[in-house]
Amino acid sequence: MASSDSEIVEEFRFFRVLRDGRIEYRFPPPTDTVPPVDEPDTGVRSKDVVISPDVSARIFLPNDSPSTEKLPLLLYIHGGGFSIESPFSPRYHSFVQSLVADAKIIAVSVHYGLFPQRPIPACYEDSWAALQWVASHAAPNPNGGDLDPWLTDRADFERVFIGGDSAGGNISHTLLSRVGSIGLPGGVRVVGAFFIHPYFGGTDDDRMWLYMCPGNQGLTDPRLKPAQEDLARLGCERLLVFVAEEDHLMPVGKAYVEALKESGWNGAVEIVENKQREHCFHIFHPRDEQAVSNQQLIVSFIHSQPRL
């Protein structure tokens, strides 16, 4: 019986499913975390906040900007196949901290629910809750609500950005489609977004996504294959998409950009191809010359003037 229970019945890029329902990762999932810290080398402070019983985040603030200066705000959604990683992992903490130091922005890095403990759509709903929480600081209710002074005092809610890599790019798209459909409270304006090597439907990884999302709508699920109407109303003015030449997701990233251009969306999109690089190389090799270049492009993107 034991050997039968351990039989592999499904196998995906990140994990295997055993007959008894257990999940077995194909590699040791990263579990190391780093605490929030005031980092003298980068001049960036960080702290953790609880948004709801299911959602938390790490906020980053540059120390070396005038206390009265309002800063652009980035909501960042990490990658990890919807099943691993967090804002507290050394790699993602370092990436967001470095971006905050270079761009002089505030960042809210979202800790969303991961499969298998919380199957999809938890990642989408948690990230939306985090974005709504951020927006609630734009016109705070003085009689209630747990608000963070870093956001109320320092964030410019007319310069909000959303960014993510891999699965986080996919989640970022769903956030933008919701913003375009129903908006955000307090007059919050999502100026732009960037996706780094985003995941969308069209590869063998679709089987994994469908398994992780028991209530899926099949291969045409708009979270997997963005619908034309969602693309047409994408809730930002500018989008920057990175793809990598040696990444199996490059074709779906390029297809997303083409579909966006054809959708009738009234925005500006730019695509950057990282030659001879693999998926999310910037997270594993942050000093790589193209990783450095990508970050410089993101900084310029955030601070460039919006379209009139």
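(A) Examining the pattern of salt bridges more closely. This structure, assessed with the given rule, holds 23 salt bridges. With its nearest N and O atoms 3.7 Å apart, the salt bridge here joins R207 to E10. Taken as a pair, R207 in helix 6 (residues 206-212) and E10 in strand 1 (residues 8-11) lie far apart in primary sequence, 197 residues in all. Among the salt bridges present, the one from E85 reaches R91, with a minimum N-O distance of 3.8 Å. If you follow the salt bridges from partner to partner, you end up with E11, R16, E24 and R26 in one network.

(B) Inspection of the pairing of strand 1 at higher detail. Here three bridges tie strand 1 to strand 2 (residues 15-18), and the two strands are oriented antiparallel to one another. Each residue of the ladder has a partner; that of I8, found in strand 2, is L18. Counted between consecutive antiparallel strands, the loop separating strand 1 from strand 2 contains three residues.

(C) View of the nonpolar core. By size, the foremost hydrophobic cluster in this structure holds 67 residues, and its most contacted members are L75, F82, L151 and L239. Looking at this core element by element, the count peaks at eight residues for helix 3 (residues 122-135).

(D) A look at the pairing of strand 10 (residues 190-196). Of all seven residues in strand 10, seven are buried, a share of seventy percent or more. Of the pairings in the sheet, the one linking strand 9 (residues 155-165) to strand 10 comprises six bridges and is parallel in character. The residue of strand 10 that forms the bridge with V160 is V190. Read as a crossover between parallel neighbours, the route from strand 9 over helix 5 (residues 167-182) to strand 10 is right-handed.

(E) Spatial organisation of the packing of helix 3 against helix 5. The geometry of helix 3 relative to helix 5 is characterised by a closest axis approach of 10 Å and an angle of 55° between their N-to-C directions. Taken together, the axes of helix 3 and helix 5 lie oblique to each other. The hand of the helix 3/helix 5 crossing is right-handed. Where helix 3 abuts helix 5, its residues C123, Y124, E125, S127, W128 and L131 lie against N170, I171, T174, L175, R178, V179 and I182. Classifying every residue of the contact of helix 3 with helix 5 by side-chain character gives eight nonpolar, three polar and two charged.

(F) Region of the structure containing the sheet that holds strand 10. Strands sit in the order 4-5-6-8-7-9-10-11-12 across an open sheet of nine strands; the sheet is mixed. With partners counted over all chains shown, the strands left at the sheet margins are strand 4 (38-39) and strand 12 (268-274), one partner each. Sheet analysis places strand 7 (residues 71-77) next to strand 8 (residues 106-111), joined by five bridges and oriented parallel. Bridge pairing in strand 8 places L74 opposite A107. Those strands touched by helix 3 are strand 5 (44-50), strand 6 (56-62), strand 7, strand 8 and strand 9, and its axis lies near 165° from that of strand 7.

Parameters at a glance
- Residues numbered from 1 in each chain as written.
- Predicted model: local features only at pLDDT ≥ 70, side-chain atom pairs only at ≥ 80, totals over all residues.
- Heavy atoms only, no water.
- Salt bridge = Lys/Arg side-chain N within 4 Å of Asp/Glu carboxyl O.
- Helix = DSSP H or I, 4+ residues; strand = E, 2+ residues; numbered from the N terminus.
- Pairing = 2+ DSSP bridges.
- Core = buried A, V, L, I, M, F, W, Y, C linked by side-chain atoms within 4.5 Å.
- Buried < 20%, exposed > 50% of the residue type's maximum accessible area, 1.4 Å probe, protein only.
- Right-handed = clockwise from strand over helix to strand, strands pointing away.
- Axes fitted to C-alpha atoms, helices over the stretch in contact; angles between N-to-C directions.
- Parallel < 35°, antiparallel > 145°, perpendicular 65-115°, else oblique.
- Left-handed = near helix turned anticlockwise from the far one by under 90°.
- Contact = heavy atoms within 4.5 Å.
- Nonpolar A, V, L, I, M, F, W, Y, C, P; charged D, E, K, R; others polar.

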